Amino acid sequence: MMIRLIVSDMDGTLVNDEKKIDENIYALLPKLKEKGIRFVVASGRQYPSLCKDFQEHVKDVVLCSENGAFIMDNGKELYARCMTKEQVKMSLDAAFAVEGMEPVVCAKHVTYTRSPEMKEFLESPKFNYKMAMTDDLYAIEDDIIKISMIVLNGEDTVTMFRRVRAALDESLNLVTSGEGSMDTGIYGVNKGAAVEVLQEMWDITPEETMVFGDQYNDVDMFDRAHYSFAMAGAVEGVKKKARYLAGSNNEGGVVKEIRKFTGI
């Protein structure tokens, strides 16, 4: 079966531990496009950050940001799912109820924070986020996609996850998106659902789909692809959900598997 769709996570997958993208992907993008293979990045990151990673190559990649809630194709919006004001309030209440956690509010094109340190951290070259300061996260008037919660001071993420999850109702999900961070958004909106939307839009089957990931927010994608790859550095629970194992994100594991399976 020919592969027609490739979807890759960013951090821990296409990006190495120093937060640098595997630049070999840039040379592959036009070649994949020539063969009729669509390449999608599915990340918990914001859209402007992903744009900076791909820069002049953005025309050759579809950017699925905020854990699948916002999809852009060369500047054109393909899909967006935004939270209600009630869901935003519930998420912020849950985050502020847990000591040692700092929430940030993620809209389509900018992320809001009340913390100058968080603004500086996310604007750094590691993440390249577009940030905005606000004194009141509850008062933001924008298309809000998700609430990210950053665990501070090395607190136990598992314990905090359970406490936040208990404070959210069934309309909201909660996933870990990396070491020391978790995201909440609309239930049913995830990377897997986004892959399904694109498959239906482009008439592509799971048997024609290849995906790569390393965290639990990537697992939903594995159900939408025959060629599901967990990275070598993924946690064991994620590896068990994948059909294949890719090499390390520090050694170009994604690009190597794409070349192997596509012959490019």
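Model, not experiment: these values are computed from the prediction.

## Some words on helix H1 (residues 24-34)
Then comes step 1: Three or more residues of H1 are buried, namely Ile25, Tyr26, Leu28, Leu29 and Leu32. One face of H1 carries all of its buried residues, which in axial projection span an arc of 160°.
Then comes step 2: For H1, the secondary structure elements touched by its buried residues are strand E1 (5-8), strand E2 (38-42), helix H2 (47-54) and helix H9 (253-262).
Then comes step 3: After H1 finishes, the residue glycine 36 shows a positive phi value of roughly 80°.

## Quick look at the nonpolar core
Then comes step 1: Core analysis: the largest hydrophobic core is formed by 57 residues, its most contacted members being Ile6, Ile25, Phe39, Phe54, Val164, Phe212 and Ile258.
Then comes step 2: Contacts of isoleucine 25, omitting those with residues within four sequence positions, involve Leu14, Phe39, Phe54, Val255 and Ile258.

## Looking at empty space enclosed by the protein
Then comes step 1: The final tally for this structure, using the stated rule, is one cavity of 30 Å³ or more.
Then comes step 2: There is about 130 Å³ of room inside the largest cavity.
Then comes step 3: Lining the largest cavity we find 16 residues, and of these Glu66, Asn67, Asn173, Val189 and Asn190 sit closest to its centre.
Then comes step 4: Every element with two or more residues in the lining of the largest cavity is listed here: strand E9 (144-151), strand E10 (172-178) and strand E11 (181-186).
Then comes step 5: Looking at the lining of the largest cavity element by element, the count peaks at four residues for E11.

## Focus: the pattern of salt bridges
Side-chain pairs of opposite charge can arise whenever the charged atoms involved come near each other.
Then comes step 1: Counting across every chain of the model gives 17 salt bridges.
Then comes step 2: For arginine 4, the salt bridge identified is with glutamate 208, shortest N-O distance 3.2 Å. In this pair, arginine 4 is assigned in the segment before E1 and glutamate 208 in the loop between helix H6 (191-202) and strand E12 (209-213), connecting sequence segments 204 residues apart.
Then comes step 3: Taking relative accessible area as the criterion, glutamate 208 reaches 13% and is therefore assigned buried.
Then comes step 4: Where lysine 239 meets glutamate 236, a salt bridge forms, and the shortest distance between an N and an O atom there is 3.5 Å. With lysine 239 and glutamate 236 both in helix H8 (residues 236-241) and three residues apart, this pair spans about one turn of that helix.
Then comes step 5: Taken together, the shared-partner salt bridges connect Asp11, Lys19, Arg45 and Asp53 into one network.

## Examining the sheet that holds strand E3 (residues 62-65)
Then comes step 1: Read across the open sheet, the eight strands follow the order E5-E4-E3-E2-E1-E12-E13-E14; overall the sheet is mixed. Since the sheet does not close on itself, it has two edges, and those belong to strand E5 (76-80) and strand E14 (244-245), each with one partner.
Then comes step 2: Along the sheet, H2 makes contact with E2, E3 and strand E4 (70-73), crossing E3 at roughly 145°.

About the cut-offs
- Residues numbered from 1 in each chain as written.
- Predicted model: local features only at pLDDT ≥ 70, side-chain atom pairs only at ≥ 80, totals over all residues.
- Heavy atoms only, no water.
- Buried < 20%, exposed > 50% of the residue type's maximum accessible area, 1.4 Å probe, protein only.
- Helix = DSSP H or I, 4+ residues; strand = E, 2+ residues; numbered from the N terminus.
- Arc of directions from axis to C-beta.
- Contact = heavy atoms within 4.5 Å.
- Core = buried A, V, L, I, M, F, W, Y, C linked by side-chain atoms within 4.5 Å.
- 1 Å grid on protein atoms, 1.4 Å probe; cavity = no way out; pocket = protein on both sides within 12 Å on 5 of 7 lines; lining within 4 Å.
- Points joined across faces, edges and corners; volume = space filled by probe spheres on them.
- Salt bridge = Lys/Arg side-chain N within 4 Å of Asp/Glu carboxyl O.
- Pairing = 2+ DSSP bridges.
- Axes fitted to C-alpha atoms, helices over the stretch in contact; angles between N-to-C directions.

Function-wise, these values are silent; they only describe arrangement.
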